[in-house]
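What follows is the residue order along each chain.
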Amino acid sequence: MKRATLRPDDLLPVHSVPPPWPGREVRLDGTVTYVRDTPATASGAEPALYVHGLGGSSQNWTDLAYLLTDHLDGQAIDLPGFGRSEPGRRYTVPAFADRVIRWIEHSDRGPVHLFGNSLGGAISVHVAGVRPDLVRSLTLISPALPFLDFRRSLQGRMLPLLAIPRGERLAAWQLARVAPEVMAQQVMEASVADLSRICDQRREEALEEIRVRHEAAHHAAAYVRTFRGLVSSFLRSYLPGSGSLWRLAGTVGAPTLVVGGRADRLVDVRVAPQTARVVPDSRLLMLDGVGHVAQLEVPRLVARAVLGLLAETGDTAERSDMAG
């Protein structure tokens, strides 16, 4: 493990607040996966794939994908049951990883620079561990790798639902009682340390995403079942056998950037450093005063660290910048 390198800010595009990237529905293995494309603005850019976290969507990557368009040709997917994708059959980390693998194979863009936030980080570790041929580099932002002290997560309040048969029904009832405006504010407060960093446009977009979720009959079940699957993966990781995410992390061969926020309220703040210690070729960036979604809260800092990773690992666009 070593410290992440931050490339100069002037290598990034000027400050802008782009709208969400255009999306499209793709039928894959019988169900619809929603994909947003962030086309590269320079020749020689390499493919990137962005994977969101629990309760998130492809829209969470709008700013970071924009900042990297001189270097990466980006796509962001909505996982099954989230955003605008149709529900899946299973909501476990391996099942989500299978969908990401199928998408990379279907799009014929691999190997990709793979990005994952929270649950998406756990999924991305699984993908990089079992299919190293599909991953050029790995960027993990507050990855939800296993920890057992749920007092260190606001999500710990959901644990009682997992013990209730069909707990998703109770969750749906509770969610229906909360106005979308209140829910959007609660999500922001849980995920972001400094709300002043989130502009009005992003707040309105987050509210619209919440409204879309409320209209989807499957949303509550997908959320609870995914949380149950994530907790199960946590428990398996501390038992003998091949299902441990920590063991998989130790096999990752791709050069990896791990970003953590010291004000994260959803994933134990000790997880990001532990991830960087376990992944063999890793770089760590810990950010003071930043919460669970650094790519939303401080996208330029994250982008500078990504450029540092690309510079170290031979990205062609970055090499051109350095030569110039």
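The notes below deal with the structure included here. (Residues numbered from 1 in each chain as written. Predicted model: local features only at pLDDT ≥ 70, side-chain atom pairs only at ≥ 80, totals over all residues. Heavy atoms only, no water.)

This next bit is on the overall build of the protein chain. Of regular secondary structure, the protein chain possesses 13 helices and 9 strands. Residue burial in the protein chain is summarised as follows: out of 324 residues, 57% are buried. Sequence separation of at least 24 residues holds for 77% of the intrachain contacts in the protein chain that already meet a minimum separation of 6. Carbon together with sulfur atoms contributes 53% to the accessible area of the protein chain, which is approximately 13,500 Å² in total. (Helix = DSSP H or I, 4+ residues; strand = E, 2+ residues; numbered from the N terminus. Buried < 20%, exposed > 50% of the residue type's maximum accessible area, 1.4 Å probe, protein only. Contact = heavy atoms within 4.5 Å. Areas by Shrake-Rupley, 256 points an atom, 1.4 Å probe, with all protein chains shown as cover.)

With that out of the way, let us pick up unusual backbone geometry. Of note, the bond from Gly-110 into Pro-111 is cis; its omega dihedral lies within 30 degrees of zero at 0°. Mapped onto the fold, Pro-111 is located in the loop between α2 (93–107) and β6 (112–117). Positive phi is not limited to glycine here, since Asp-29 has a value of about 55°. Examined against the element boundaries, Asp-29 turns out to sit in the loop between β2 (23–28) and β3 (31–38). At Ser-142, a position not held by glycine, the phi torsion is positive, near 45°. As for its placement among the helices and strands, Ser-142 is situated in the loop between β7 (135–141) and α4 (159–162). Given the relative accessible area of 4%, Ser-142 is considered buried.

So, about the layout of surface pockets. The volume enclosed by the second largest pocket comes to roughly 260 Å³. Taken together, Asp-29, Thr-31, Pro-80, Gly-88, Arg-89, Arg-90, Ala-95, Phe-96, Asp-98, Arg-99 and Arg-102 form the lining of the second largest pocket. No other element matches the 5 residues that α2 contributes to the lining of the second largest pocket. Split by residue class, the lining of the second largest pocket holds 3 nonpolar, 2 polar and 6 charged. (1 Å grid on protein atoms, 1.4 Å probe; cavity = no way out; pocket = protein on both sides within 12 Å on 5 of 7 lines; lining within 4 Å. Points joined across faces, edges and corners; volume = space filled by probe spheres on them. Nonpolar A, V, L, I, M, F, W, Y, C, P; charged D, E, K, R; others polar.)

Let us look at the side chain of Thr-275. Topologically, Thr-275 is positioned in helix α10 (residues 271–278). On the accessibility criterion, Thr-275 (0% relative accessible area) is buried. Discounting chain neighbours no more than four positions away, the residues touching Thr-275 are Leu-140, Pro-143, Leu-145, Trp-246 and Val-258.

Across 6 bridges, β2 lies against β3 in antiparallel orientation. Across the sheet, residue Val-26 finds its bridge partner in β3, namely Thr-33. The turn joining β2 and β3, which pair antiparallel and follow one another in sequence, is formed by 2 residues; a positive phi near 55° is taken by Asp-29. (Pairing = 2+ DSSP bridges.)

Ordered by their spatial adjacency, 9 strands build an open sheet running β1-β9-β8-β7-β6-β4-β5-β3-β2, and the pairing between neighbours is mixed. At either end of the open sheet lies a strand with only one pairing partner, and these are β1 (2–3) and β2. The sheet contact formed by strand β4 (residues 46–51) and β6 spans 4 bridges and is parallel. Bridge assignment links Ala-48 to a residue of β6, and that residue is His-113. Against the sheet, α2 makes contact with β2, β3, β4, β5 (72–77) and β6, and its axis sits at roughly 100° relative to β2, the strand it touches most. Against the sheet, helix α12 (residues 299–313) contacts β1, β5, β6, β7, β8 (256–261) and β9 (282–287), and its axis sits at roughly 165° relative to β9. (Axes fitted to C-alpha atoms, helices over the stretch in contact; angles between N-to-C directions.)

Below, the discussion takes up the pattern of salt bridges. Here the structure, examined in full by the defined rule, presents 21 salt bridges. Two residues, Arg-211 and Glu-208, come together in a salt bridge whose shortest N-O distance is 4.0 Å. You can see Arg-211 and its partner Glu-208 sitting in helix α7 (residues 200–215), 3 residues apart, about one turn around the helix. Judged by its relative accessible area of 32%, Arg-211 is partly exposed. Glu-312 is the partner of Arg-283 in a salt bridge, and the nearest nitrogen-oxygen pair spans 3.0 Å. Pair noted here: Arg-283 is in strand β9 and Glu-312 is in helix α12, with a separation of 29 residues, a long-range link. The class of Arg-283 is buried, set by a relative accessible area of 4%. The exposure class assigned to Glu-312 is partly exposed, which follows from its relative accessible area of 35%. Linked by salt bridges that have partners in common, Asp-29, Arg-102, Glu-105, Arg-131 and Asp-133 make up one network. (Salt bridge = Lys/Arg side-chain N within 4 Å of Asp/Glu carboxyl O.)

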